[in-house]
Amino acid sequence: MPIASLLDTLTLAISVRDRHASAEWYRDMLGFELIQHIDEAGWSEMKTNSKGVTLGLGEHAEPAQGTTVTVFGVVNVELARRALEAEGVRFEGETAVTEGMVSTAIFHDPDGNVLMLAQDLTGGN
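Please read all numbers here as calculations on a predicted model, not as lab measurements. (Residues numbered from 1 in each chain as written. Predicted model: local features only at pLDDT ≥ 70, side-chain atom pairs only at ≥ 80, totals over all residues. Heavy atoms only, no water.)

Colleague: Help me understand the overall build of the chain in this model?
Modeller: The number of helices and strands found in the chain is two helices and eight strands. Along its sequence from the N terminus, the chain presents helices and strands in the succession β-α-β-β-β-β-α-β-β-β. Relative to the 2.2 N^0.38 estimate, which gives 14 Å for 125 residues, the radius of gyration of the chain is 15 Å and therefore close to what a compact globule would have. In terms of its C-alpha atoms, the chain occupies a principal-axis envelope of roughly 45 × 30 × 25 Å. Split into buried and exposed, the 125 residues of the chain put 36% on the buried side. Sequence separation of 24 or more characterises 50% of the internal contacts of the chain that already satisfy a separation of 6 or more. Just so you have it, the chain exposes about 7800 Å², and 52% of that area is on carbon and sulfur atoms. Placing the 8 positive and 19 negative side-chain charges of the chain at their respective mean positions leaves the two points 3 Å apart. (Helix = DSSP H or I, 4+ residues; strand = E, 2+ residues; numbered from the N terminus. Rg over C-alpha atoms; globule rule 2.2 N^0.38 Å. Buried < 20%, exposed > 50% of the residue type's maximum accessible area, 1.4 Å probe, protein only. Contact = heavy atoms within 4.5 Å. Areas by Shrake-Rupley, 256 points an atom, 1.4 Å probe, with all protein chains shown as cover. Lys, Arg positive; Asp, Glu negative; His and termini not counted. Charge placed at Lys NZ, Arg CZ, Asp CG, Glu CD.)

Colleague: Sorry if this is basic, but what is going on with the packing of aromatic side chains here?
Modeller: The geometry of an aromatic ring pair is captured by two quantities: the separation of the ring centres and the angle between the planes. As enumerated under the stated definition, the model contains three aromatic pairs in all. Ring centres of Trp25 and Tyr26 lie 4.9 Å apart, and the angle between their planes is 85 degrees; this geometry places the pair in the edge-to-face category. Take Trp25: its relative accessible area is 45%, and that puts it in the partly exposed class. Ring centres 5.9 Å apart and planes at 10 degrees place the aromatic pair Tyr26 and Phe32 in the stacked group. (Phe/Tyr/Trp six-rings, centres within 6.5 Å; stacked < 30°, edge-to-face > 60°.)

Colleague: What is the right way to read the sheet that holds strand E5 (residues 68–74) from this model?
Modeller: Paired through backbone hydrogen bonds, the strands of a sheet run either parallel or antiparallel to each other. Taken in spatial order, the eight strands line up as E2-E3-E4-E1-E5-E8-E7-E6 in an open sheet, and their pairing is mixed. The sheet is open, and its two borders are formed by strand E2 (33–38) and strand E6 (91–98), each paired with just one other strand. The average undirected angle you get between the axes of adjacent strands in this sheet is 25 degrees. Relative to strand E8 (residues 114–120), strand E7 (residues 102–108) is paired through seven bridges, and the arrangement is antiparallel. The partner of Ser103 across the bridge, within E8, is Gln119. Docked against the sheet, helix H1 (residues 19–30) engages strand E1 (6–16), E2, strand E3 (43–47) and strand E4 (53–59), running at close to 150 degrees with respect to E4. Sitting on the sheet, helix H2 (residues 77–86) is in contact with E5, E6, E7 and E8, with an inclination near 175 degrees to E6. (Pairing = 2+ DSSP bridges. Axes fitted to C-alpha atoms, helices over the stretch in contact; angles between N-to-C directions.)

Right, here's the structure in full:
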């Protein structure tokens, strides 16, 4: 039985220089639909053509090309984190909270790949 109870959502987060221009490109080239731009967080999210999968666009001055972070939706990020830590899973830093938006915790698989847990704080999920 899995340690962390995951939701049926998955976000693939990528680093981009201009979220608005990237959102237009993903809309025009791949048919993705804009869910939201959150300017104060430097984040945009797009609905992909795969059920339950979104694309997150994180804006950075120098994007980390070729790096995609898989973000697993969870009901309670702290409970999921504690359960994984009890099994020896390595987390990076503290759980980050953007009030009214999201709570996230970055962790690593055995090969050092970066993964993330995210709890929706908007009341939408």
